[in-house]
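# Chain and residue survey
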Amino acid sequence: MTEVSVRNLWMEYGDQIVLERINFDVPAHSFVSLVGPSGCGKSTFLRLLLSQENATRGQICVDGEPLLPNPEPDRGVVFQKYSVFPHLTALENVLIGLEFERGGFSGRLHGRAKRNAQAEAMQYLEGVGLADAAQKYPSSLSGGMQQRLAIAQALIKKPRILLLDEPFGALDPGIRSEVHDLMLRLWWETKMTVFMVTHDLREAFYLGTRVIAFDRVRKREEELERYGATIAFDTPSDPAPFVTELATAEAAE
Ligand SMILES: Nc1ncnc2c1ncn2[C@@H]1O[C@H](COP(=O)(O)OP(=O)(O)OP(=O)(O)O)[C@@H](O)[C@H]1O
Ligand SMILES: [Mg+2]
């Protein structure tokens, strides 16, 4: 259960201010949807949360502690596309996270350690409905299956914070709503805090417990580089019906 607080965060590239004065707190087990026009700094903000880059000013704290300057395994990420390795099977794609974590310098596991890791990877594949596709390569999986694989690959490292950058943007509407409910179930079960960037407002409000919009306050051409985007809109949203179902089922147990 992880709280995140963002204090007076600024991000500048050279003379260009991308983000300015970003302040917010999210309680543990939030699902935050981030929206805003193209180029307003949503992916940049996710990179700051991952510590792939460091803010020019201000601070992000996780459970009260400032983020370390380099990426840590407690934060996982899923991008819109291409986050799985094409030359590895579905099972190997999930396993590789554990091999890097437990396999030392060689990044390889052997004997019982390998069998245990394979069993664990299979559980994650089952969790995203891909047990039957364990031996397939990504090129023979549909877009929705590849995204579910990318989600399993991120989750096996048990991140406390999961970052999603337009993860469902390329999926057909029918498949997308299935993956939405899968994502809500995984979020509910793991108690992770999720930050998801999306361009789809319906998706933002359906999945998010909170919807935050970044936008520039000043938009005149000559002002574009001198002012960054900041929070233009921030609101809790109603839980998705699927979350109410999950909560009711849990209460009945
Ligand atoms: N490494 C970098 N060096 C210089 N400028 C950068 C860098 N990364 C991003 N930018 C600039 O920061 C701004 C925000 O980019 P970012 O990718 O965060 O936007 P975004 O909100 O994710 O957009 P989109 O919705 O199109 O994905 C853009 O003007 C971009 O050119
Ligand atoms: Mg982006």
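About the cut-offs
Residues numbered from 1 in each chain as written. Chains lettered and ligands numbered in written order. Predicted model: local features only at pLDDT ≥ 70, side-chain atom pairs only at ≥ 80, totals over all residues. Heavy atoms only, no water. Phe/Tyr/Trp six-rings, centres within 6.5 Å; stacked < 30°, edge-to-face > 60°. Helix = DSSP H or I, 4+ residues; strand = E, 2+ residues; numbered from the N terminus. Buried < 20%, exposed > 50% of the residue type's maximum accessible area, 1.4 Å probe, protein only. Lys NZ or Arg CZ within 6 Å of the ring centre and 35° of its normal. Core = buried A, V, L, I, M, F, W, Y, C linked by side-chain atoms within 4.5 Å. Domains from an automatic or database assignment. Contact = heavy atoms within 4.5 Å. Buried area = accessible area lost by both parts, 1.4 Å probe. Salt bridge = Lys/Arg side-chain N within 4 Å of Asp/Glu carboxyl O. Polar contact = N/O pair within 3.5 Å; in protein donor to acceptor, adjacent residues only side chain to side chain. Nonpolar A, V, L, I, M, F, W, Y, C, P; charged D, E, K, R; others polar. 1 Å grid on protein atoms, 1.4 Å probe; cavity = no way out; pocket = protein on both sides within 12 Å on 5 of 7 lines; lining within 4 Å. Points joined across faces, edges and corners; volume = space filled by probe spheres on them.

## Describing the packing of aromatic side chains
- Applying the stated criterion across every chain yields a total of 7 aromatic pairs.
- On the numbers, 6.5 Å between centres and 50° between planes, the contact of Phe24 with Phe195 is tilted. Taken together, the residues span a long stretch of sequence, with Phe24 in strand β2 (residues 16-26) and Phe195 in strand β8 (residues 193-197) at a distance of 171 residues. Residue Phe24 shares its accessibility class with Phe195, and that shared class is buried.
- Aromatic pair Phe31 and Trp187: ring centres 5.7 Å apart, planes at 75°, arrangement edge-to-face. Placement of Phe31 in strand β3 (residues 31-35) and of Trp187 in helix α5 (residues 173-190) is noted, with a sequence separation of 156 residues between them.
- Residue classification places Phe31 among the buried positions, given a relative accessible area of 0%.
- Since its relative accessible area comes to 3%, Trp187 is described here as buried.
- Connected via pairs of aromatic rings, a cluster forms that spans Phe24, Phe45, Phe195 and Phe214.
- Between Arg57 and the ring centre of Trp10, over which it is positioned, the NZ or CZ distance is 4.1 Å.

## Some points on the nonpolar core
- Ranked by size, the top nonpolar core spans 43 residues in total, and within it Phe31 and Ile151 carry the most contacts.
- Among the elements of the structure, α2 (90-102), α3 (111-127), α4 (143-155), β7 (161-165), α5, β8 and α7 (241-252) are those that each provide at least two residues to this core.
- The leading source of residues in this core is α5, at 7 residues.
- Both domain 1 (1-74 + 159-253) and domain 2 (86-158) contribute no fewer than three residues apiece to this core.
- In contact with Phe31, not counting residues within four places along its chain, are Leu164, Met183, Leu184, Trp187, Val194, Met196, Leu207, Gly208, Thr209 and Arg210.

## Quick look at the domain arrangement of the protein chain
- Segmentation of the protein chain into domains returns domain 1 (1-74 + 159-253) and domain 2 (86-158).
- Averaged C-alpha coordinates put domain 1 and domain 2 at centres separated by 26 Å.
- The contact between domain 1 and domain 2 buries some 970 Å² in all, and 76% of this surface belongs to carbon and sulfur atoms.
- Remark: the boundary between domain 1 and domain 2 carries 0 salt bridges.
- The tally of links between domain 1 and domain 2 comes to 2 residue pairs in polar contact (both at pLDDT 80 or more).
- No other element matches α5, which puts 6 residues into the side of domain 1 that touches domain 2.
- Here the side of domain 1 that touches domain 2 is built from residues that sort into 12 nonpolar, no polar and 2 charged.

## What to know about the layout of surface pockets
- The volume enclosed by the largest pocket comes to roughly 510 Å³.
- Taken together, 21 residues form the lining of the largest pocket, with Gly76, Val77, Gln153, Ala154 and Lys157 sitting closest to its centre.
- Elements represented by at least two residues in the lining of the largest pocket include exactly β6 (75-78), α2 and α4.
- A breakdown of the residues in the lining of the largest pocket according to their chemical character gives 12 nonpolar, 5 polar and 4 charged.
- If you count residues domain by domain, the lining of the largest pocket takes at least three from each of domain 1 (1-74 + 159-253) and domain 2 (86-158).

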